[in-house]
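Listed below, chain by chain, are the residues.
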Amino acid sequence: MSAAPEDELDEQDEQYHYPVPPPGGWTADDLDRLPDLPPHTELIDGSLVFVSPQTRFHSRTMRLLDNALLAQAPEHLDVDREMAVRLDGKNQPEPDIVVFRQEGITDDADQTWYRPEDVVLAVEVVSPDSEARDRDVKPRKYAAAGVPHFWRVEKSNGLPVVYVYELDPATGAYTPTGIYHDRIKVPVPFPIDIDLTAINKRR
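Model, not experiment: these values are computed from the prediction. (Residues numbered from 1 in each chain as written. Predicted model: local features only at pLDDT ≥ 70, side-chain atom pairs only at ≥ 80, totals over all residues. Heavy atoms only, no water.)

Enquirer: Help me out: how do you make sense of the sheet that holds strand β7 (residues 119–125) in this one?
Expert: If you walk across this open sheet you meet the six strands as β3-β5-β7-β8-β9-β10, and the pairing is mixed. Looking at which strands have only one partner, the edges of the open sheet turn out to be β3 (77–81) and β10 (173–181). For this sheet, the mean inter-axis angle between neighbouring strands, taken without regard to orientation, is 20 degrees. Taken together, the five bridges between β7 and strand β8 (residues 149–156) define a ladder with parallel strand orientation. Bridge pairing in β8 places Glu 124 opposite Arg 152. Along the sheet, helix α3 (residues 56–72) contacts β3, β5 (97–101), β7, β8 and β9 (159–168); its crossing angle with β3, the most-contacted strand, is approximately 165 degrees. (Pairing = 2+ DSSP bridges. Helix = DSSP H or I, 4+ residues; strand = E, 2+ residues; numbered from the N terminus. Axes fitted to C-alpha atoms, helices over the stretch in contact; angles between N-to-C directions. Contact = heavy atoms within 4.5 Å.)

Enquirer: Hey, could you run me through the packing of aromatic side chains in this one?
Expert: Think of a pair of aromatic rings as described by two things: how far the centres are apart, and how the planes are tilted against each other in angle. Following the criterion strictly, the structure yields five aromatic pairs and no others. With a centroid separation of 5.9 Å and an interplanar angle of 40 degrees, the aromatic rings of Phe 150 and Tyr 165 are classed as tilted. Separated by 15 residues along the polypeptide, Phe 150 in strand β8 and Tyr 165 in strand β9 bring together distant segments of the chain. Pair check on accessibility: Phe 150 and Tyr 165 agree, each one buried. Between Tyr 165 and Tyr 174, the aromatic rings sit 6.5 Å apart at their centres with planes inclined by 55 degrees, giving tilted as the arrangement. Considered together, Tyr 165 and Tyr 174 belong to a single accessibility category, that of buried residues. An aromatic cluster is present here, built from Tyr 142, Phe 150, Tyr 165 and Tyr 174 joined pairwise through their rings. The lysine or arginine in question, Arg 152, covers the ring of Tyr 163, its NZ or CZ lying 4.2 Å from the ring centre. The residue whose ring lies beneath Lys 155 is Phe 57, and the NZ or CZ to ring-centre distance is 5.8 Å. (Phe/Tyr/Trp six-rings, centres within 6.5 Å; stacked < 30°, edge-to-face > 60°. Buried < 20%, exposed > 50% of the residue type's maximum accessible area, 1.4 Å probe, protein only. Lys NZ or Arg CZ within 6 Å of the ring centre and 35° of its normal.)

Enquirer: I'm lost on α3 in this one. Help?
Expert: The α-helix advances 3.6 residues per turn, and as a result positions three or four apart in sequence lie on the same side. Its 17 residues give α3 an end-to-end C-alpha distance of 24 Å, which sits within 8% of 24 Å, the value for a rise of 1.5 Å per residue. Those residues of α3 lying buried are Phe 57, His 58, Thr 61, Met 62, Leu 64, Leu 65, Asp 66, Ala 68 and Leu 69. Contact partners of the buried residues in α3: β3, β5, β7, β8, β9 and β12 (192–195). (Expected span 1.5 Å × (residues − 1).)

Here it is as structure tokens:
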């Protein structure tokens, strides 16, 4: 894909009016009210975070994990891609994959976020522009909100590498429990076995 000429980019910037934050920053409630926000806009510490275009690796990794987790999850759990989690009034990140308890979830088809207490596992697939957030900011915030399991997925030689963390209730922080190449096989939050080399397979 070729880049647009600079004058076209300037013209696009003039047409799009970036939202100006109110004193104290945006709140989670604002995300559902602000018009014309780019897709998958996140809220971190009261600031809006816009995501860059998705890469093929990112998309296929999400597809692989989404399909595998959905196939292996027990009946009381469900899986969604790119659903926000409202951690508090100033933080509403959007994990790439979220595994959540079905109990307590409403049937509202217009629901745009989940509560952290309903989330069992949050997964972030790292992109170049999200590296700092996915490695540091988001896991700290997920842990502080009590999300018991977190996976960070990075690319190595074209394949996903999964870094697995579990919440230590004594410290309220995540403890690393393993780094998985080619295959991830873990017993929690439920028995999971995923062939990571199958990223480019349709089934």
